[in-house]
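Structural overview
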Amino acid sequence: MGRYIITIFLILAAYFFSYGKTPVSIEAENIQKKPTGELIAEGSVIVKYKGKVLKADRIIYDQKNKKIYLYGNIKLKTEKFDITAKEGWIDEEGINGDFYDVSGVLEKHYFIKAEKIKKRGDKYIFYNGEFSTCSFDQYDWYIKTKKGIFIKDKQVDFYNVSMRFCGVPVLFSPYFSYPASGRKTGLLFPQIGQDSYNDFRYVQPFFLILTRHSDMTFTYDYRNIQGNGLDVEYRNKLSSDSFFKTNFTVFTEKSGRWWEGRDLPPLENRWRVYGESELHYEDLDISLTYDFPSDPYFFEDIYNATDLRYKSYTKSQLIALLDRRFFTLEINFDFLYDLTKTNNEQTLQRLPELRFYLKKFRPLKKIPFYVDFLSVNTNFYREKGTSGLRSDNTLNLELYSNFHSFSNLMRFSPRGTYYHLFSNYQGEKSPTRNIFSFEDRLRYTSFRKFSDFTHFIIPQIMFKRISKVNQEDLPYFDREDRIKDAYDIDYSLFNILNFDSADFLSWEVSSGYTFNNYYYLGNNRLQGHQKPLKNRFYFYIKGFSGENTLYYDFKFNQIVRSITTFSVPVFSRFRYSISHSYDKGIFSSTSTINQINQTGTFTYKNISLSASVLSNIKLGYVQRKSLSFSMNRKCWRLNISYKEDYNRVTGKSFRSIVVYINILRTDIKLPFVSRTL
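Calculation notes
Residues numbered from 1 in each chain as written. Predicted model: local features only at pLDDT ≥ 70, side-chain atom pairs only at ≥ 80, totals over all residues. Heavy atoms only, no water. Helix = DSSP H or I, 4+ residues; strand = E, 2+ residues; numbered from the N terminus. Buried < 20%, exposed > 50% of the residue type's maximum accessible area, 1.4 Å probe, protein only. Contact = heavy atoms within 4.5 Å. Polar contact = N/O pair within 3.5 Å; in protein donor to acceptor, adjacent residues only side chain to side chain. Disulfide = S-S within 2.5 Å. Patch = residues over 30% accessible without salt bridge, like charges linked within 9 Å, V, L, I, M, F, W, Y side chains within 5 Å. Areas by Shrake-Rupley, 256 points an atom, 1.4 Å probe, with all protein chains shown as cover. Salt bridge = Lys/Arg side-chain N within 4 Å of Asp/Glu carboxyl O. pLDDT = per-residue confidence, 0-100. 1 Å grid on protein atoms, 1.4 Å probe; cavity = no way out; pocket = protein on both sides within 12 Å on 5 of 7 lines; lining within 4 Å. Points joined across faces, edges and corners; volume = space filled by probe spheres on them. Nonpolar A, V, L, I, M, F, W, Y, C, P; charged D, E, K, R; others polar. Pairing = 2+ DSSP bridges.

The subject of this paragraph is the environment of Gln 138. Along the chain, Gln 138 falls in the loop between β10 (123-132) and β11 (141-151). By relative accessible area, which is 16% here, Gln 138 ends up buried. As a C-alpha pair, Gln 138 and Ala 41 span 97 residues in sequence and 36 Å in three-dimensional space. With residues near it in sequence (within four places) discarded, Gln 138 still touches Arg 633, Lys 634 and Cys 635.

Structure follows, in C-alpha cells:
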C-alpha cells in the first residue's frame, strides 16, 4: 500500500507542545475520516510541525472530545524532549495527557523511565519510574520511585525512594526532593573529615532563596578539638553586570597546641568579614572588595586544609573609575592587612590614590605625533613610620615614522614628582624630583613565506636615556621612588615562525651597551659597560610547548638567571611537564634560587591521573608532592587529591587527602588531613 502525505488545518498537539490552528504535515500508509468526525492515520504515522516530530503506528484524532489517541511505537521529539511510549493520549492544546511504558529525556537533561506519565499543564506525574541525569548508555546512578512529580523549572518530588549508584542501593527514604532549576532552598551535602588539629570535623551548609536575584548560605562548622563556628554568606545580583556579595564567619575556639610559639595569646572568639561588589552605570564603574580577619593566624588555623592557609596578606579596596572619551579618572582606597606580622602598624596603605589619565591623542592629523599624560596622586599612610603625599606626573610625547620595512618610534617623557611629608619624617618636608626619559627605537621587518609557515626576521636597536638625579634624600614608599638612570643602547634580533596550523616559534637574542660604567640587573647594580646577554624563546609545535628566558653575564662568565618550562606529549595519553627556576643570587647567597617542578599527566577517556613534585635543588629536599585522580562521567564526577608540603623552618610536613564527589549536581567534599609530623 502506498503512503499518503497531506497538509491540513488541524488542531493537533503533540506531547509537551501545542500547535493551535496551524498547518500540520501528516504522513501515513492509510489516512481516513469517519462520518463521526474522527480522523484515523495508520501505518508508520509521522506528524511534523516546525521541527517537532510525532511518530506512532496509529493515531486517532477525536474532534468531538478534542483528544488525540496514539498507539504503538510512539516517539515524541521536540527541541527539549525526546520520549518513546507504547500508547497514550494528549488533548489538542497539548496541556493534558497520559502515556504508558515511557522512556526518554525531559528538558534536555533529565532521563526518565516510567510505567505511566500523566501530564497536567507544567506538572508531570510518573508512576513506578526511574529518574536520573545520566544517559541510558551510562546509567551510573538513578532514583527509583513509586511516584514522582516533576514541575517544570521548579523541582522533582519523589515518594518511596531508593537511590542506586552503580547498581548498589545507597539511600532509602519515604520522600526526596530534587531541584529542577538552578536554585532551591534546602540542605546541601555536608563536609566530613579530619585535619591537623581535629580528629573529627563536620560542616553542614544550608541554602536559602530570598528572591529571584538574591540568596544566602548558612554553614555550620563543628570541630571536636578546635570548637565550632558559623559562616553566613549573602549574594545579590543587582543587574546583568552588577552584584553584591558579603560573608561573615565567626568561630568560637578552644585553646590548643596550634597557638604554641606565637606572639599572640590564644583567642576564644575569632571572625572574618569578607565581601565583594561591582556596580556599573554608563561610564562609571565601582568595585569594592574587603577582607578583615580577627587576627593574623585566622587563615592558617580556620582554613588549614586549603591553600588559604598560606595567605600572607588580605587586601581591601574601593575603586571608582570614570571612563570618558578623552580621559579616565580613578580614585582608589587600598588597605592591606599583613598576616606575617602580629600588628599592622608599619604596613603601608594608600588612602586614597587618585589617578588621572589623558588618553593618547593626535593633535596634528597629518603628522603621526601622539600625546598622553598620567598623574598619580597618593596619600601614603602608616601608623608608625614615614607617611606623606606624593604626586607623580608623566607626559609622553611620541613620534612614529615608517619607511618601507623600517619603523621608528621616538618617545620623550618628562616626569615630575612632588612630595609633602608629615611631621614624623626627619628630612626635607617637601622634596621634588624631575626626571626626563628619551627613547628611540628603530626596527626593520622582513619576512619570507614557505609552504607551511612564514618566517619573520626583525632586528631592532634602541637608544634609552634616563637622567640621573639624587634620590637618596627622598622617602621610600615603593619602587617608583627610585627610578634607575640609564644611558644605554640595546640591540635585539627576533626570529618568528608562524605556521599555517596556528603553531608558532619565537626566538629573541638581545644585549646592550651602557655609556655609564654600571648597569642594573633587577634591583642589583653591576659594574661594567657590556650588559648581560638575554636569550628567550617560546613555542607551540604539534603539541610540544616550551619557554625559556636566561641571562648570561659577561663579567661573571655564567648564567645568572634562568626560567624554563617545557611540556612534552610523551604519547597520546601521557604528557610530561617540567619547569626550572634559577637565580645566581650575585650579592647574597640567601637570594639564590634553584628549584625544579615536574608534572606528569595521564589521560584515558574520562579518567585523568596527575602527579607533581617540587624539589629545592639548592638545599637538597623535596618541598611539595601532589597526586590527583579525576574521573568525569558527565552526570557525576569524582576527584581524589593528595598533597604534602614540607616546611624546612619548622621541620614539619602537612599532608592532606581530599575526596570530591559530585552526584545529583550537588557537591560532597570529604577532606581527610593527617596529623602533623
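Structure's up, so let's keep going.
Time to look at the environment of Asp 283. Residue placement: Asp 283 occurs in the loop between β20 (269-281) and β21 (284-293). Asp 283 sits 40 residues away from Asp 323 along the chain, and the two C-alpha atoms are 5.3 Å apart. Once you skip the residues sitting within four places of it in the chain, Asp 283 turns out to touch Leu 321, Leu 322, Asp 323 and Arg 324. Within polar-contact distance, the side chain of Asp 283 engages the side chain of Arg 324 at 3.3 Å.

Glancing now at the state of the cysteines. Tallied over the entire structure, the rule returns 1 disulfide. Residue pairing for Cys 134: its cysteine sulfur links by disulfide to Cys 635, the two sulfurs lying 1.9 Å apart. Looking along the S-S bond of the Cys 134-Cys 635 disulfide, the torsion reads about 80°, which is the right-handed sense. With Cys 134 in the loop between β10 and β11 and Cys 635 in the loop between β41 (621-632) and β42 (637-647), the pair connects residues that are 501 residues apart, well separated along the chain.

A cluster of nonpolar side chains, Ile 192, Phe 200, Tyr 220, Tyr 222, Leu 230, Phe 248, Val 250, Trp 271 and Phe 292, forms an exposed patch at the surface whose accessible area comes to about 720 Å². Looking at the nonpolar patch, the elements with two or more residues in it are β17 (214-223) and β19 (242-253).

Between Leu 351 and the following residue, Pro 352, the backbone shows a cis peptide bond with an omega angle of -10°. Relative to the elements of secondary structure, Pro 352 occurs in strand β24 (residues 349-361). A positive phi angle, near 50°, is found at Glu 282, a position not held by glycine. Looking at the element boundaries, Glu 282 is found in the loop between β20 and β21. Backbone geometry places Asn 557, a non-glycine residue, at a positive phi of 55°. Among the structural elements, Asn 557 can be located in the loop between β36 (544-553) and β37 (558-571). On the basis of relative accessible area, Asn 557 is assigned to the exposed category, the value being 55%.

Turning to the side chain of Ser 492, a few remarks are in order. Its place among the elements puts Ser 492 in strand β31 (residues 486-499). A residue is classified by how much of its surface remains accessible, and Ser 492, at 13% relative accessible area, is buried. Every residue in contact with Ser 492, bar those within four places of it in the chain, is listed here: Ile 458, Pro 459, Gln 460, Glu 508, Val 509 and Ser 510.

Here the protein averages 86 in pLDDT, and 92% of its residues register 70 or above. Counted against residues more than four places away or in other chains, residues 1-21, with its pLDDT under 50, gives 83 contacts. Note on residues 666-677: pLDDT under 50 across the span, and 54 contacts to partners over four residues away in sequence or across chains.

Attention now moves to the layout of surface pockets. Estimates place the volume of the second largest pocket at around 1000 Å³. The wall of the second largest pocket is formed by 38 residues, among which Lys 464, Ala 486, Asp 488, Asp 490 and Lys 531 lie closest to the centre. Among the secondary structure elements, those contributing two or more residues to the lining of the second largest pocket are β27 (406-421), β28 (432-444), β30 (453-466), β31, β32 (504-514) and β33 (518-521). In terms of residue count, the dominant contributor to the lining of the second largest pocket is β32 (5 residues). Of the residues assigned to the lining of the second largest pocket, the class counts are 12 nonpolar, 11 polar and 15 charged.

So, on to the pairing of β32. Of the pairings in the sheet, the one linking β31 to β32 comprises 11 bridges and is antiparallel in character. Residue pairing for β32: Leu 497 is matched across the bridge by Leu 505. The hairpin turn running from β31 into β32, its antiparallel successor, is 4 residues long, and Ala 502 in that turn takes a positive phi close to 80°. Across 7 bridges, β32 lies against strand β35 (residues 533-541) in antiparallel orientation. Pairing of Phe 504 across the sheet is with Tyr 540, part of β35.

It is worth spelling out the pattern of salt bridges at this point. For the structure on display, the rule yields 37 salt bridges. A salt bridge links Arg 235 to Glu 233; the shortest N-O distance between them is 2.4 Å. As a salt-bridge pair, Glu 353 and Arg 355 come within 3.7 Å of each other at their nearest N and O atoms. For Arg 355, a relative accessible area of 29% translates into the label partly exposed.

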